[in-house]
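The lines below spell out each chain.
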Amino acid sequence: MGAVVTALGTMGAVVALGWLLARQRVLGERAAPVLARVVFAVATPALLLTTVAHADLHLLLSRQAVVTWTSTVAVAVVAVLVLRFVLRRQAADVTVGTLASSYVNAGNIGLPLAVYLLDDPVAVVPTLLFQLLVLAPIAFAVLDRGSRGGSVLRRTLSNPIIVATLVGLLLAAMPWSLPEVVYEPFRLVGAAAAPLALLTFGMALAVPRTVDSAAPRADLALAVGLRAVLHPLLAWGLGTALVLPRHALLAVVAMAALPTAQNVLVYAMQYRHGEALARDAGLVTTVLCVPVLLVVAATLG
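As the structure is a computational prediction, the values presented were derived from the model and not from experiment. (Residues numbered from 1 in each chain as written. Predicted model: local features only at pLDDT ≥ 70, side-chain atom pairs only at ≥ 80, totals over all residues. Heavy atoms only, no water.)

## Remarks on the packing of aromatic side chains
- The full count for this structure, using the stated rule, is seven aromatic pairs.
- Where Phe40 meets Tyr267, the ring centres are 6.0 Å apart and the plane angle is 80°; that geometry is what we call edge-to-face. Here Phe40, found in helix H2 (residues 31-53), pairs with Tyr267, found in helix H13 (residues 263-271); they are 227 residues apart in sequence, far enough to count as distant. In this pair, the class of Phe40 matches that of Tyr267, namely buried.
- Among the aromatic side chains, those forming a connected cluster through ring pairs are Phe40, Tyr103, Phe140, Tyr267 and Tyr271. (Phe/Tyr/Trp six-rings, centres within 6.5 Å; stacked < 30°, edge-to-face > 60°. Helix = DSSP H or I, 4+ residues; strand = E, 2+ residues; numbered from the N terminus. Buried < 20%, exposed > 50% of the residue type's maximum accessible area, 1.4 Å probe, protein only.)

So, in structure tokens, the structure goes:
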């Protein structure tokens, strides 16, 4: 569990720096939205292009992938149903709430966890690809439809994150590979995605809390419950039903126990919906993931 603590401690330090910068107004009042835009339009697409381009697409057909995808879909469906038909939220708020409930921090925490706890960096790939190829495009299609006119297809294909993912997928499927030197500029820019997203997250936490800026309690409770409790339990149940080897079962449950990704806040800020929920869900689930992962490791490790 040293890897989990180290990863969370590093993230916490960068988030704290973002909070301090915002409180002292070092970068100005508009810094957080500008950084969010850079992460959304430049850094994250560069990171995703290189990541997906080097992914082994055969992993999409494994039993681990089936567990990951099925459990994530189940969590997302529950979130949509409750948010739309019980809490009566609008489509954009339902979308952000669903992302807060199902879109995990596979990069900043999932990757080091896979390396140090599982000794298998590939364990994070099914989760990462499902989020990039399924969750993100659907979410952006809904959010774009509510933000501006034009055809859904044209808006979706103009989204930099989706375009980068599709290009990476095409490169991964090709029978030959591009020289690695071609990817180096994308790696350089993509390396800024995680720290900038964390700085943005810290800046968002520095905003004084008011009644209007607080996340609705019911929405937050739903996101936290689905993220920290239901998703790991579903992954464990499905993995057990499919008779996954113990190490593989540990991998899928650990990935399902990851906290809400900071990129959900970046997306919320980009589309100006559900920012408080994305911020608060990211904070609470990140704190809760430590005891949850400790229980998972002790039970299945």
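There's more to say after this.
## Thoughts on the pattern of salt bridges
- As enumerated under the stated definition, the model contains four salt bridges in all.
- When the shortest N-O distance is used, the salt bridge between Glu180 and Arg187 registers 2.6 Å.
- A cluster of three or more residues bridged by salt bridges with shared partners is formed by Glu180, Glu184 and Arg187. (Salt bridge = Lys/Arg side-chain N within 4 Å of Asp/Glu carboxyl O.)

## Some remarks on the nonpolar core
- Ranked by internal contacts, the top residues of the largest apolar core, which has 80 residues, are Tyr103, Phe140 and Tyr267.
- It is helix H6 (residues 125-147) that provides the largest number of residues to this core, a total of 10 residues.
- Val75, Val94, Leu222 and Leu226 belong to the second largest nonpolar core, which has six residues in total. (Core = buried A, V, L, I, M, F, W, Y, C linked by side-chain atoms within 4.5 Å.)

## Details of helix H14 (residues 275-300)
- Between its terminal C-alpha atoms H14 stretches 35 Å, which fits the 38 Å expected from 26 residues at 1.5 Å a residue.
- Where H14 bends most, the angle comes to about 35°, and this point is Cys289, followed within four residues by the proline Pro291. (Expected span 1.5 Å × (residues − 1). Bend = angle between axes of the 7 residues up to and from the residue.)

## Things to note about the packing of H2 against helix H10 (residues 193-205)
- For the pair H2 and H10, interaxial distance at closest approach is 9 Å and the crossing angle is 155°. With respect to H10, the element H2 is oriented roughly antiparallel. Between H2 and H10 lies a crossing whose hand is left-handed. On H10, the residues touching Ala31, Ala32, Leu35, Ala36, Val38, Val39, Ala43, Thr44 and Leu47 of H2 are Ala193, Leu196, Ala197, Leu199, Thr200 and Met203.
- Along the lines of polarity and charge, the residues of the contact of H2 with H10 split into 13 nonpolar, two polar and no charged. (Axes fitted to C-alpha atoms, helices over the stretch in contact; angles between N-to-C directions. Parallel < 35°, antiparallel > 145°, perpendicular 65-115°, else oblique. Left-handed = near helix turned anticlockwise from the far one by under 90°. Contact = heavy atoms within 4.5 Å. Nonpolar A, V, L, I, M, F, W, Y, C, P; charged D, E, K, R; others polar.)

## Points about the packing of helix H12 (residues 246-256) against H14
- Two elements in contact, H12 and H14, have axes whose closest approach is 10 Å; the angle formed by their N-to-C orientations is 170°. With respect to their mutual orientation, H12 and H14 come out roughly antiparallel. On the side of H12, the interface is formed by Arg246, Leu249, Leu250, Val253 and Ala254, while H14 contributes Leu293, Val296, Ala297, Thr299 and Leu300.
- Classifying every residue of the contact of H12 with H14 by side-chain character gives eight nonpolar, one polar and one charged.

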